[in-house]
Amino acid sequence: MGSTITIDPVTRIEGHSKITIQLDDDGRVADARFHVTQFRGFEKMTEGRPFHEMPSLTARICGICPVSHLIASAKTCDALLAVTVPRTARNLRRIMNLAQITQSHALSFFHLSSPDLVLGMDADPAKRHLFGVASAAPQLAQDGIALRKFGQQIIELLGGKRIHPSWIVPGGVSHPLSQEDRDAILAMIPDALKRAQRTIDWYKGTFSQFSDEIRTFANFPTLFMGMVNPKGDLSMYAGRIRIMNAVGDIVADQLEPATYQQWLAESVEPDSYLKSPYYKPMGYPEGIFRVGPLARMNIIDRCGTTIADQEWAEFRSLQRGAVLSSFHYHYARLIEIIYCIERIRNLLNDPDILNDHVRSFAEPNAFEGVGMSEAPRGSLLHHYKIDKNGRIIWANMIIATGNNNLAMNKGVYQVAKHFVRGEQIQEGMLNRVEAVIRTFDPCLSCSTHAVGQMPLQVQLLAPDGAILDERFQG
Amino acid sequence: MVEGMNSLLIGYGNPLRGDDGIGWRVVEEIANRQSSIANSQRDNPQSTPHSALRTPQLIAVHQLLPELAEPISETDLVIFVDASVEGEPGAIQVRTIEPAPPRIGAFTHHFDPAGVLGYAREVYGRFPRAYLVTVTAVSLGYGEGLSETVEAVLPEVLNQIEKLIG
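Please read all numbers here as calculations on a predicted model, not as lab measurements.

Draft legend 1. Broad picture of the overall build of chain A. A count of helical and extended segments in chain A gives 16 helices and 16 strands. Restricting to contacts in chain A with at least 6 residues of sequence separation, those with at least 24 account for 74%.

Draft legend 2. Examining the overall build of chain B more closely. Counting its regular elements, chain B contains four helices and five strands. Its helices and strands in sequence order give chain B the pattern β-α-β-α-β-β-α-β-α, from N to C terminus. In terms of C-alpha radius of gyration, chain B reaches 16 Å, essentially the compact-globule figure of 15 Å for 166 residues. Across the 166 residues that make up chain B, the buried fraction comes to 38%. Long-range contacts, defined as pairs at least 24 residues apart, comprise 75% of the intrachain contacts of chain B with a sequence gap of at least 6.

Draft legend 3. How the structure looks around the domain arrangement of chain A. Residue and element names in this part refer to chain A. Taken as a whole, chain A is organised into domain 1 (3–212 + 350–473) and domain 2 (220–325 + 332–348). Each partner contributes to the interface: domain 1 provides 56 residues, whereas domain 2 provides 41 residues. For the side of domain 1 that touches domain 2, the secondary structure elements donating two or more residues are β3 (29–36), α4 (87–119), α6 (138–159), α7 (179–204), β12 (368–375), β13 (378–386), α13 (400–403) and α14 (405–419). The leading source of residues in the side of domain 1 that touches domain 2 is α4, at 13 residues. Partitioning the side of domain 1 that touches domain 2 into residue classes produces 28 nonpolar, 20 polar and eight charged.

Draft legend 4. Layout of the pairing of strand β5 (residues 129–136) of chain B. All names here are of chain B. Burial runs high along β5: six of the eight residues are buried. Across five bridges, the pairing between strand β4 (residues 92–96) and β5 is antiparallel. Residue pairing for β5: Gln 93 is matched across the bridge by Thr 134.

Draft legend 5. The confidence of the model for chain B, seen in detail. Residues and elements named next belong to chain B. Per-residue confidence for chain B gives a mean pLDDT of 88, with 90% of residues at or over 70. Within chain B, the lowest mean pLDDT, 89, falls on helix α1 (residues 22–43), and the highest, 98, falls on β5. Note that residues 104–108 has pLDDT below 50 and, in this model, 13 contacts with residues that lie over four places away or in other chains. Across the interface, the model reports ipTM at 0.82; the global pTM reads 0.89.

Draft legend 6. Molecular detail of the sheet that holds strand β6 (residues 223–228) of chain A. All names here are of chain A. On the basis of which strands lie adjacent, the open sheet formed by four strands has the order β8-β7-β6-β11 and mixed pairing. Looking along the sheet, the strands with just one partner apiece sit at the ends: β8 (250–255) and β11 (289–290). The pairing of β6 with strand β7 (residues 240–244) spans five bridges and is classified as antiparallel. From the neighbouring strand, Met 227 faces β7, where its bridge partner is Ile 241.

Draft legend 7. Highlighting the nonpolar core. Residues and elements named next belong to chain A. Ranked by size, the top nonpolar core spans 179 residues in total, and within it Ile 335, Val 412 and Ala 416 carry the most contacts. With 14 residues, α4 is the largest single contributor of residues to this core. A domain-level breakdown of this core finds at least three residues from each of domain 1 (3–212 + 350–473) and domain 2 (220–325 + 332–348). In this structure, Val 412 is in contact with Ile 19, Ala 32, Phe 34, Val 433, Val 436 and Ile 437, ignoring residues within four places of it in sequence.

Each value, and the rule that gives it
- Residues numbered from 1 in each chain as written.
- Chains lettered and ligands numbered in written order.
- Predicted model: local features only at pLDDT ≥ 70, side-chain atom pairs only at ≥ 80, totals over all residues.
- Helix = DSSP H or I, 4+ residues; strand = E, 2+ residues; numbered from the N terminus.
- Contact = placed C-beta atoms within 7 Å.
- Rg over C-alpha atoms; globule rule 2.2 N^0.38 Å.
- Buried ≥ 20, exposed ≤ 12 C-beta atoms within 10 Å, placed from the backbone.
- Domains from an automatic or database assignment.
- Nonpolar A, V, L, I, M, F, W, Y, C, P; charged D, E, K, R; others polar.
- Pairing = 2+ DSSP bridges.
- pLDDT = per-residue confidence, 0-100.
- Core = buried A, V, L, I, M, F, W, Y, C linked by C-beta atoms within 7 Å.

Structural data, given as structure tokens:
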């Protein structure tokens, strides 16, 4: 008789989910599924609201990455207004987005994943947490706190508050950057860069210990998707979409985000509130793709900043073609932190950044708009339709975490096949099944637009559906 | 409070969930008082403000995160303010907090007050005297603003905090 393992809730991620592992009659893993069990339906709630409220409304989807939604939403509203956002405002939005990515990546790497990386996947769970990291690697713990603070302080200086700032508005930003704040941010750069470089140096000396995890953590061919600028550089704020396959060939390039319905489709699974986007020309599920730091590091021709480009070149030498193991999301995340810090410095050193022309004003000039940006976890898209009074009549949001849904499911299956043995949930197995999800840094609150934090449930099921073993965490 | 000592007040909770916003509201009230005191001193440099509430550094957050360990480690006194579901609605409780190790299996990127205090001790080797001030909520449903009951005890909450800073 076969059986099923359920992991519920999954811990150290954002949101609420569970994992079920189905065993066959011989006790081997027959299937594994990642279910997102929270529902919010934010798109429906926005119907009837004035379009200009959307940036601040959709920012409430998430307390971790509100800035990402602010930016995608404001860009969608820019399209409704059909205005050109002033150059200075575009660069100020870029800085806030880069600060957001820095603080979110720091949360993922230092606060959520470092216990596994510093203490090991099989470490005693009573010690495998932030306190254990602080004890074993105090400098790393302090660097994590400092990099989070770096990003948050920039958001606060620009937006007036670190969570849910309302500074980014349709047409630009609400007020210019003062010289005092510019100088305050520039003064923080050297320390942040030093900490980020120290961390990546540590990581590069460490990850070879995880060869089993590198080999089995969602390590398979998929497409990779992300935004690039016209030169093929990494672009977090504006650009067009590039899609690359596993051997490193560009499948599609310079796709206009507004045409996404031509090349992107979403499937709905009966056991999860998280939709599964796929690349439409290849169909479902062959059109599986990954987004986020790993995908971005794969698709680009270069980062475009000095130190990040050096690190990126080393990263790309890991594998011919695309780097396939999702374990390397961690590595990619650290390169992106360095990129963000360098890029913020470069943008602030442009004298035009203090220009006080930071907003364009207009009434709606279009009934439909699409906005896209790169969020910490990948490509984020908002799409609104409004009536003649400027009220939302339809909204669609394709969230970064959702874009990775198919890959996360396949990754859970791969890890379960490799590590799950017998009809009981062992700690090392439990942690690895969770850890593969953690590499993607999913934000389930965002991706289902849902309320709440994320505990995890894991269930081990027999072929007839009977629960053989079950763990709850959170 | 001894002159020259630093204090920190951290209000936490979700201000979009009714009385769970008490921490944010306390921070807002004290910030307003600090602003009034600063204005009064500017207009009359000879005036000596008596309120202890003029001193604490203020932070309002949705949840207690690891990075709070840094400012906590740098202060002499920290006061956490939160809503509670225990006791009679509107009841005020003041408790001393000692640093604690994390609960096994705890979701590890946010803490309770004892946990963040413990994390400050672990990472920076220092932690201050700490109190948790709670007010029992009437409603934690969706919506901004406090219930009448919790709103009514706000002056007493501020009095209690003022005494702690003393």
